Amino acid sequence: MRSTGFRRTLIALSTFSLALTACGGSGDGSAGGKTRITVNCMPPKSAKVDRRFFEEDIASFEKQNPDIDVVAHDAFPCQDPKTFDAKLAGGQMENVFYTYFTDAGHVVDVNQAADLTPYVKELKSYPTLQKQLRDIYTVDGKIYGIPRTGYSMGLIYNRKLFEKAGLDPDKPPMTWEEVRADAKRIAKLGGGTIGYADYSAQNQGGWHFTAELYSQGGDVVSADGKKATIDTPEARAVLRNLHDMRWVDDSMGSKQLLVINDAQQLMGSGKLGMYLAAPDNLPILVKEKGGDYKDLAIAPMPGGQGTLIGGDGYMFQKKDTPAQIRAGLKWLDHMFLTPGTGFLGDYVRAKKRDAPVGLPEPRLFTGAADARDQRIKKANANVPVGNYQTFLDGNQKLRMKIEPPHAQQIYSVLDGAVSAVLTKKDADVDQLLKEASGKIDNILARG
């Protein structure tokens, strides 16, 4: 499951379609002596600030590299699951195309990705990127993509409601037992206040079940990806905790089958104490849902064992020429992968144009590059960075785990288990997990 999308969802966007005939590669990539590359994930015109940033950065890149012509295609979302496979199969992908982390293996399996291994030494930033993110795009020792952003799940909470409930907003819950206790106290404030909310529809319930299972030290599938591993004490603990918060404590409200927008609306309106999300939810809560940065904070995943990570990056079309691959790598360095500059990293520019600076993620770099990125970000911060320190500190101790294979199919199965415990007081947790386990085994067996 993707998160809400760093930068791309700071402004409410309408759905855009992108004609497949306009999205393909460009033959040998030569035009008037220049190397021409097509790229995607350009913000649509309705996202005025982001669109302007993107256009400015392409213009500066072309000025510095007069032998390269960049043709950008806009789209929201950057990857549409309904057309992604068709574009791959039809050879209609851009020369440099956006992917979620979970796409890497699939694109390689269907033989539509260029092997970047011989060229990656020309990507100046590559050694500075977090290895666990680089490894996502490495298959059988070969490099097929470059990470652009990464996120990890945490617990977003309302500091004002914590104070009203007599809780210390500087000491958020670190275990699921504490989440349950705090949610109960917040719900007792009354007036429609909900202590804790969770998703349970549109595959999002399965996504959160996975995150909560990781936080307990469990897993959804075996290490070899062949068997479900959810008929376990850890998985039972996840569902029973949700069941008890819903039916015993009455701390989750009566309305269920929620999705991400429901939780965001509740949090932005000041009626929700806690929900799981990545830091990129914070600007949405403020800009679109009526929240205030000073009231919003994020803590690490409760449980202390692990957290679900996700993100995105770029891969290269199989038919790209060596010149196009080299040009594309230069473009990625310029746009996304140089600390303190580019579309995601020019914090000075972002602050001037009232875009949020100081959010704890994405945190892409390591070593000196990370130190530089964090220093520039801190110097230009316009959000209360202290509200995120617990998240940053806690994440250092957690195991970072990517989503399971066949994630969306598996999430659809797990949706049923999560929705059952939240809508049926007599739901049989053991039976739900046994049935879901069998269904996931069938998904994995089909490959």
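Residues numbered from 1 in each chain as written. Predicted model: local features only at pLDDT ≥ 70, side-chain atom pairs only at ≥ 80, totals over all residues. Heavy atoms only, no water.

Peer 1: What's the story with the pairing of strand E2 (residues 34-42) in this structure? I'm lost.
Peer 2: Side chains on a regular strand alternate between the two faces of the sheet. Of all nine residues that make up E2, seven are buried, and the element is covered over most of its length. As judged from the six bridges shared by E2 and strand E3 (residues 68-74), these two strands associate in the parallel manner. Considered in E3, the bridge of Met 42 is made with Asp 74. One crossover worth recording links E2 to the parallel E3 by way of helix H1 (residues 48-64), and it is right-handed. (Buried < 20%, exposed > 50% of the residue type's maximum accessible area, 1.4 Å probe, protein only. Helix = DSSP H or I, 4+ residues; strand = E, 2+ residues; numbered from the N terminus. Pairing = 2+ DSSP bridges. Right-handed = clockwise from strand over helix to strand, strands pointing away.)

Peer 1: It is not clear to me how the side chain of Asn 158 should be interpreted in this structure. Could you clarify?
Peer 2: On the secondary structure map, Asn 158 appears in strand E8 (residues 154-158). The class for Asn 158 is buried, based on a relative accessible area of 5%. Here Leu 161 takes part through its backbone nitrogen, which lies 2.9 Å from a polar atom of the side chain of Asn 158. (Polar contact = N/O pair within 3.5 Å; in protein donor to acceptor, adjacent residues only side chain to side chain.)

Peer 1: How do you make sense of the pairing of strand E7 (residues 145-152) when you look at a structure like this?
Peer 2: Within E7, eight of the eight residues are buried, which leaves the element mostly enclosed by the surrounding structure. Relative to strand E12 (residues 306-316), E7 runs antiparallel, the two being bridged by seven bridges. By the bridge assignment, Ser 152 is partnered in E12 with Ile 309.

Peer 1: Hey, could you run me through the packing of H1 against helix H11 (residues 322-335) in this one?
Peer 2: At a minimum axis separation of 10 Å, H1 and H11 run at an interaxial angle of 125°. Comparing the axis directions of H1 and H11 gives the class oblique. The way H1 lies across H11 gives a crossing that is right-handed. Across from Phe 54, Asp 57, Ile 58, Ser 60, Phe 61 and Gln 64 in H1, the residues of H11 making contact are Ala 327, Lys 330, Trp 331, His 334 and Met 335. The class makeup of the residues in the contact of H1 with H11 is six nonpolar, three polar and two charged. (Axes fitted to C-alpha atoms, helices over the stretch in contact; angles between N-to-C directions. Parallel < 35°, antiparallel > 145°, perpendicular 65-115°, else oblique. Left-handed = near helix turned anticlockwise from the far one by under 90°. Contact = heavy atoms within 4.5 Å. Nonpolar A, V, L, I, M, F, W, Y, C, P; charged D, E, K, R; others polar.)

Peer 1: Whenever I open this one, the state of the cysteines confuses me. Can you help?
Peer 2: Throughout this description, disulfide means a covalent bond between two cysteine sulfur atoms. A complete count under the given rule lists one disulfide for this structure. Sulfur-sulfur distance for the disulfide between Cys 41 and Cys 78 comes to 2.0 Å. Taking the torsion about the sulfur-sulfur bond, which here is approximately 65°, the covalent link between Cys 41 and Cys 78 counts as right-handed. Here the residue Cys 41 occupies a position in strand E2, and Cys 78 occupies one in the loop between E3 and helix H2 (81-89), the gap between them amounting to 37 residues. (Disulfide = S-S within 2.5 Å.)

Peer 1: What's the story with the pattern of salt bridges in this structure? I'm lost.
Peer 2: Think of it this way: side chains of opposite charge can pair up when their charged atoms draw near. Summed over the entire model, instances satisfying the criterion amount to 22 salt bridges. Close ionic contact of Glu 56 with Arg 353 constitutes a salt bridge, the shortest N to O distance being 2.9 Å. Pair noted here: Glu 56 is in helix H1 and Arg 353 is in the loop between helix H13 (347-352) and helix H14 (367-379), with a separation of 297 residues, a long-range link. When its relative accessible area of 28% is taken as the criterion, Glu 56 is described as partly exposed. Here Lys 160 ties to Asp 295 by a salt bridge, and the two come within 3.8 Å at their closest N and O atoms. Of the two residues, Lys 160 is situated in helix H5 (residues 159-164) and Asp 295 in the loop between helix H10 (281-287) and strand E11 (296-300); the sequence distance between them amounts to 135 residues. Owing to a relative accessible area of 40%, Lys 160 belongs among the partly exposed residues under this scheme. Look at Asp 295 and you get buried, because its relative accessible area is 14%. Residues joined by salt bridges that share partners form a network here, namely Glu 56, Asp 57, Asp 346, Arg 349 and Arg 353. (Salt bridge = Lys/Arg side-chain N within 4 Å of Asp/Glu carboxyl O.)

Peer 1: For this particular structure, what's the right way to read the side chain of Asp 320?
Peer 2: Mapped onto the fold, Asp 320 is located in the loop between E12 and H11. Buried within the structure, Asp 320 lacks any salt-bridge partner; Lys 319 is the closest side chain of opposite charge, at an N-O distance of 9.5 Å. Within the structure, the side chain of Asp 320 is placed 2.9 Å from the side chain of Asn 95, a separation counted as a polar contact. (Lys, Arg positive; Asp, Glu negative; His and termini not counted.)

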